[in-house]
Amino acid sequence: MQMSKTKSLSLGLQHVLAMYAGAVIVPLIIGAGIGLSNAQLTYLIAIDIMMCGVASILQVWKNKFSGIGLPVVLGCTFTAVGPIIAIGNSYGIESVYGSILVSGLVVVLIAKYFSKMIRFFPPVVTGSVVTVIGITLIPVAINDLAGGQGSKDFASPMNLAIGFGTLFVILMIFKFGKGFVKSIAILLGILIGTGVSAFFGRVDFSAVGESSWFHLPQVFYFGMPEFHLAPILTMVLVAIVSLVESTGVYFALGDITDKNLDEDDMKRGYRAEGLAILFGGLFNSFPYTTFSQNVGLVQLSGVRSNHIIYIAGGMLVLLGLVPKIGALTLAIPTSVLGGAMLAMFGMVIAYGIKMLSNVDFEKQENLMIVAISVGMGLGVTAVPELFAALPARISVLTDSGIVMGSLTAIILNIVFNMRKAPSVKAGKVSREQQAAG
């Protein structure tokens, strides 16, 4: 049965609201870190939102060259924030975009070879990676629920009431709602939470008044790119780390949509991500990767249609071209978003656990892989200064719980299971074959 336009638009908007805060916070942090002017920051936010839409459409559009063809939403990777600020302050913003361009090209070129690593991602690895992704993102949701890290009224009774109230509304809609209403529980929760917050005077529309009505992207807005070896190597490493994160998301969505992914699927997915990074370099935005909160939303809503992601991508492009409309989403209180994120990130954890149900836990080695990888991911997230004494050049790996947990799962699986890993023939490996690992 074909979905009505109103329902499709509502589901697309739900995906936009799910990822918008994460997409906006990256340019805000980077802009402050490298000292951009208000005009430059306004451009950066608008172009970033627009390119999130372009990147998502590139990934959903499956063709002979690129596109995973799954309901995946892309946004700027948080892994790149620290390196971009360091490169910008040491080499200049022109070097930032030179290194992003090269890293995107590298991803496009290595996609064919990276996809052959599918045998390194049996359920014990992908389930661990997805679980780690969800666990390491929960602190983000909790901080937002409390009002946002560093806010003056952090964890105030009002913030907690709004955040948990939003979560309660989502749960009640999910419990008692039927059909379409149930599928947009997150959207309705955000709207109701924002409405209640407005009643108490906690919604700020000043950003709407300050924003322009129309905005066109410019190639090399910040000047012609410069190319320096150290920044290039750093951003290539960031891009490869993002591919590892995306691999777990691809497999999670493959399970949710009942699709077995093969080498060709992965190759097209990696190429689409590389193209998105290239566009980020051209239009002076950021490297892009899969957003896990939208995976949780696909599972929560039960709507697996790529058509909805096309709509969400179109909305993001529109928001980037019309900053005043995009600014409306900035009026949503942080506590409201935190309550919604808790449900979505929690669903990512739950789905990771479901993926692990395919694993043979009679083998103690598999128990150890899950135990150490999840423990490492959670440990680095809880104690981020754990590797502070190590050289700054490798901080892109050690600062992220997702990266450390993912690499731990991959390495331990190689140590314990690779002798029994299935070979990849004709480019296909079924989930049942992978379960043997």
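Predicted, not measured: the structure shown is a model, and the values here were computed from it.

Q: Account for the packing of helix 4 (residues 93–114) against helix 10 (residues 229–256), naming residues and giving values.
A: For the pair helix 4 and helix 10, interaxial distance at closest approach is 8 Å and the crossing angle is 45°. What the angle tells us is that helix 4 and helix 10 run oblique. Here the hand of the crossing between helix 4 and helix 10 comes out right-handed. Between helix 4, through S95, S99, I100, V102, S103, V106, V107, I110 and F114, and helix 10, the contact on the second element is made entirely by P231, I232, M235, V236, A239, I240, L243, V244 and T247. Taken together, the residues of the contact of helix 4 with helix 10 break down into 14 nonpolar, 4 polar and no charged.

Q: Which residues make up unusual backbone geometry, and what values go with them?
A: Backbone geometry places F220, a non-glycine residue, at a positive phi of 55°. Within the secondary structure, F220 is located in the loop between helix 9 (206–210) and helix 10. Look at D258: it is not a glycine, yet its phi comes out positive at around 60°. Mapped onto the secondary structure, D258 falls in the loop between helix 10 and helix 11 (263–282).

Q: Describe the pattern of salt bridges, naming the residues involved and giving the relevant values.
A: Summed over the entire model, instances satisfying the criterion amount to 6 salt bridges. Residue K62 is joined to D265 by a salt bridge in which the shortest nitrogen-to-oxygen separation is 3.1 Å. Linking K62 in the loop between helix 2 (38–60) and strand 1 (74–76) with D265 in helix 11, this pair joins segments that are 203 residues apart in sequence. D258 is paired through a salt bridge with R304; the nearest N and O atoms lie 3.4 Å apart. Note that D258 is positioned in the loop between helix 10 and helix 11 and R304 in the loop between helix 12 (292–301) and helix 13 (306–321), a separation of 46 residues in sequence. Given the relative accessible area of 43%, R304 is considered partly exposed. Ionic contacts of the salt-bridge type, sharing partners, join the residues K62, D265 and R268 into one network.

What counts as what
- Residues numbered from 1 in each chain as written.
- Predicted model: local features only at pLDDT ≥ 70, side-chain atom pairs only at ≥ 80, totals over all residues.
- Heavy atoms only, no water.
- Axes fitted to C-alpha atoms, helices over the stretch in contact; angles between N-to-C directions.
- Helix = DSSP H or I, 4+ residues; strand = E, 2+ residues; numbered from the N terminus.
- Parallel < 35°, antiparallel > 145°, perpendicular 65-115°, else oblique.
- Left-handed = near helix turned anticlockwise from the far one by under 90°.
- Contact = heavy atoms within 4.5 Å.
- Nonpolar A, V, L, I, M, F, W, Y, C, P; charged D, E, K, R; others polar.
- Salt bridge = Lys/Arg side-chain N within 4 Å of Asp/Glu carboxyl O.
- Buried < 20%, exposed > 50% of the residue type's maximum accessible area, 1.4 Å probe, protein only.

No statement about biological role is implied by the geometric values presented.
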